[in-house]
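Commentary on secondary and tertiary structure
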Amino acid sequence: MEIHDKEILPGEILPVVIIGNGPSGICLSYLLSGYTPYLSPDASHPNPLLHSKLREQPDLSLLEQDLEYLCEGLEGRSSNPVAVLFDSLLLPDSDFGLDHASPLAWRYEPERATPHLVLGKGPPGGAWHAMEGSMLTLSLANWMELPGLKLKDWMRDKRRNVRNDRATPAEIASYYQHYVSQMSLGQSFACGTTVTTVTRQPGNQEGSPPCWRVTGLQHREGEELGDGSSASEEVPFSLLAHNVVLATGTHDIPARLGVEGESLPFVCHSFWELEAAISRGELDQSSDPVLVVGAGLTAADAVLAAHHLNTPVYHAFRRSVTDPGLIFNQLPKLLYPEYHKVHQMMTQQQHRSSPAPQNQAQNHHHYSSSSPSSLSPSSSSYPGYLSFPRHRVVAFRSDRKCVLESDSGQRTVVQVSMALVLIGAHPNLSFLPNNGRPLGANPDEPISCRRNPIEVDPFTYEAVSADGPGLYAMGPLVGENFVRFLKGGALAIASDLANRLRAGGRGGDLSADRWGDRQVNRPVNRQTETEVRILDS
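Residues numbered from 1 in each chain as written. Predicted model: local features only at pLDDT ≥ 70, side-chain atom pairs only at ≥ 80, totals over all residues. Heavy atoms only, no water.

**Some points on the sheet that holds strand β12 (residues 313-316)**
- Taken in spatial order, the 5 strands line up as β10-β18-β11-β12-β14 in an open sheet, and their pairing is parallel. Since the sheet does not close on itself, it has two edges, and those belong to β10 (267-268) and β14 (385-388), each with one partner.
- Direction of pairing for β12 relative to β14: parallel, over a ladder of 4 bridges. Across the sheet, the residue bridging to His-315 is Ser-387, located in β14. (Pairing = 2+ DSSP bridges. Helix = DSSP H or I, 4+ residues; strand = E, 2+ residues; numbered from the N terminus.)

**With respect to the nonpolar core**
- Membership of the largest hydrophobic core comes to 86 residues, with the highest contact counts inside it found for Leu-246 and Ile-454.
- The element contributing the most residues to this core is helix α10 (residues 483-502), with 9 residues.
- Residue contacts for Ile-454: discarding those within four places in its chain leaves Leu-246, Leu-429, Leu-439, Gly-440, Ile-447, Ala-463, Ala-473, Leu-477 and Val-478.
- In this structure, Leu-274, Val-321, Leu-326 and Tyr-339 belong to the second largest nonpolar core, which totals 32 residues. (Core = buried A, V, L, I, M, F, W, Y, C linked by side-chain atoms within 4.5 Å. Buried < 20%, exposed > 50% of the residue type's maximum accessible area, 1.4 Å probe, protein only. Contact = heavy atoms within 4.5 Å.)

**Comments concerning the environment of Asp-87**
- Looking at where Asp-87 falls in the secondary structure, it is placed in helix α4 (residues 81-90).
- Residues Asp-87 and Leu-486 lie 399 residues apart in sequence; the distance between their C-alpha atoms is 9.1 Å.
- Beyond its immediate chain neighbours, meaning those up to four positions away, Asp-87 contacts Pro-92, Arg-484 and Phe-485.

**A short note on the environment of Tyr-38**
- Following the sequence through the fold, Tyr-38 ends up in strand β2 (residues 35-39).
- In this structure Tyr-38 comes out as buried when scored by relative accessible area, which is 4%.
- Separated by 16 residues in sequence, Tyr-38 and Leu-54 place their C-alpha atoms 9.4 Å apart.
- If we skip the residues at most four places from it in the chain, Tyr-38 touches Asp-59, Leu-60, Ser-61, Pro-103, Leu-104, Ala-105, Arg-107, Glu-109 and Arg-112.
- Of the polar contacts made by the side chain of Tyr-38, one reaches the side chain of Glu-109; its length is 2.8 Å.
- Of the polar contacts made by the side chain of Tyr-38, one reaches the side chain of Arg-112; its length is 3.1 Å. (Polar contact = N/O pair within 3.5 Å; in protein donor to acceptor, adjacent residues only side chain to side chain.)

**A short note on the packing of helix α1 (residues 23-32) against helix α6 (residues 169-182)**
- Viewed as axis vectors pointing N to C, α1 and α6 meet at an angle of 20°, and their least axial separation amounts to 11 Å. By the angle between their directions, the pair α1 and α6 is classed as roughly parallel. In this structure, α1 crosses over α6, and the sense of that crossing is left-handed. On α6, the residues touching Pro-23, Ile-26 and Tyr-30 of α1 are Tyr-176, Tyr-179 and Val-180.
- Here the residues of the contact of α1 with α6 sort into 6 nonpolar, no polar and no charged. (Axes fitted to C-alpha atoms, helices over the stretch in contact; angles between N-to-C directions. Parallel < 35°, antiparallel > 145°, perpendicular 65-115°, else oblique. Left-handed = near helix turned anticlockwise from the far one by under 90°. Nonpolar A, V, L, I, M, F, W, Y, C, P; charged D, E, K, R; others polar.)

**Some remarks on the packing of aromatic side chains**
- According to the stated counting rule, one finds 11 aromatic pairs in the structure shown.
- Between Tyr-30 and Trp-106, the ring centres sit 5.3 Å apart and the planes meet at 55°, which makes this aromatic pair tilted. In this pair, Tyr-30 sits in helix α1 while Trp-106 sits in strand β3 (residues 104-108), placing the two residues 76 residues apart along the sequence.
- On the accessibility criterion, Tyr-30 (2% relative accessible area) is buried.
- Between Phe-271 and Trp-272, the aromatic rings sit 5.1 Å apart at their centres with planes inclined by 85°, giving edge-to-face as the arrangement.
- Classification of Phe-271 as buried rests on a relative accessible area of 5%.
- Among the aromatic residues, ring-to-ring pairing joins Tyr-30, Tyr-35, Phe-86, Trp-106, Tyr-108, Tyr-175, Tyr-176 and Tyr-179 into one connected group.
- Across from the ring centre of Tyr-69, 4.6 Å away, lies the NZ or CZ of Lys-53, which sits over that ring.
- Sitting over the face of the ring of Tyr-38, Arg-107 holds its NZ or CZ atom 3.7 Å from the ring centroid. (Phe/Tyr/Trp six-rings, centres within 6.5 Å; stacked < 30°, edge-to-face > 60°. Lys NZ or Arg CZ within 6 Å of the ring centre and 35° of its normal.)

In structure tokens:
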């Protein structure tokens with residue numbers, strides 16, 4: 001849908017604008033469109049305390065209940081309490097491999113709908129459309145689904161069996177796009193949009209209240225030209241909203257090492273650049289090794305892709321292979337055999353540093369070198385692979401040599417065909433003042449899902465340090481990377497907006513008194529701990 005085709009009057013203030021059309025934005029749109037969860041009359045929940053609480057007011061929807069009260073005593077794999085609550089209601093005891101039916105019954109109540117607009121750069125599904133199509137997702141298939149449409153049923157209709165109960169990113173992206181159509185949410189989605197600024201607007205003398213202004217560009221195809229092509233254009237837009245929800249995810253900007261030579265053309269920062277090199281026929285078993293830097297799942301995918309071609313691989317990472325924080329040490333072997341294989345490679349075929357010469361001065365680095373011939377021999381389990389645990393990259397050189405340094409200070413020079421730096425990504429919040437840093441738990445650091453998420457109220461997901469009321473954040477921006485848990489943010493936000501409307505708020509506008517009270521009561525030096533979570537959204 002094109003924004004200019006939507007009936008928005010000049011000066012009209014929309015109740016809600018959602019920035020981001022991935023699973024976070026889609027789930028929130030579903031709840032704001034009038035789809036309402038209730039406790040099913042005949043349902044039970046395996047947690048007796050939660051079941052008892054839900055039975056206290058069975059006629060109230062979940063959006064009308066006290067979420068903080070319902071969250072008390074619940075434990076789960078998220079540090080956000082509403083995320084644990086909603087996950088427990090949608091997938092009871094899922095962590096134990098049990099398949100309890102959800103006690104929720106969904107009703108379509110259009111009178112509850114809150115007008116909203118979802119902005120996204122591409123089609124509904126967000127970053128899932130940019131992911132490689134054949135790899136399996138990390139999460140189980142039912143963990144990836146959204147309320148109201150069973151992913152397994154949808155995939156069964158497509159006549160495909162779910163291998164290992166996991167789907168591919170291409171299937172997940174298609175499911176999310178179909179979900180928007182199936183639930184008739186499309187009229188609220190404006191795709192092809194890039195947001196450039198979000199600013200707080202003061203009220204005016206004509207009686208217009210303070211609100212948020214969202215500006216940007218929408219890509220639009222023009223008329224067809226004589227040669228069959230069409231002219232495209234970027235059309236500017238400007239919207240006013242009482243409430244803005246940040247749901248952009250964190251996959252926009254690849255993280256960098258910040259070392260010498262990182263901008264050289266053979267140094268890449270995305271898995272897709274490896275895919276492109278493979279498709280161009282640039283890599284095979286006679287190539288110089290590919291250096292993969294990082295110990296996350298994307299780095300593991302790169303190792304597997306190169307190894308499949310028999311291309312030699314050097315694999316450098318900062319952690320020990322036995323570090324409990326290493327993601328491979330957290331995954332069940334039976335569910336994730338491909339990643340268990342990579343962990344075996346990392347463990348069994350490590351680079352062994354040669355001892356430094358006796359006359360080596362202590363204040364000088366000892367250098368060694370590795371070449372394809374020094375990689376694991378053909379008789380080993382994984383020929384052509386060599387790991388460098390507890391190493392960091394010191395520099396990349398123009399002759400395609402890379403300098404690695406162990407935590408003991410010994411340096412090794414390796415000759416490579418290309419280097420892949422796969423150490424995570426950061427969100428693009430350039431449309432916010434100072435790239436959104438003031439919103440973080442630590443305002444001096446960039447926003448990061450793992451290290452510095454946006455600090456929000458745990459039961460409403462409203463940003464604590466915003467310039468005014470009505471700015472929310474959800475999904476990876478607040479530390480939730482599991483799709484199964486980011487749905488809790490949608491519940492918290494939809495519930496808060498519904499509560500405001502019931503209290504007589506204008507378009508979901510928050511009273512200045514309530515927001516001011518929260519600012520006064522905010523801890524000054526609050527430290528927020530965030531679990532390192534698996535990136536699957």
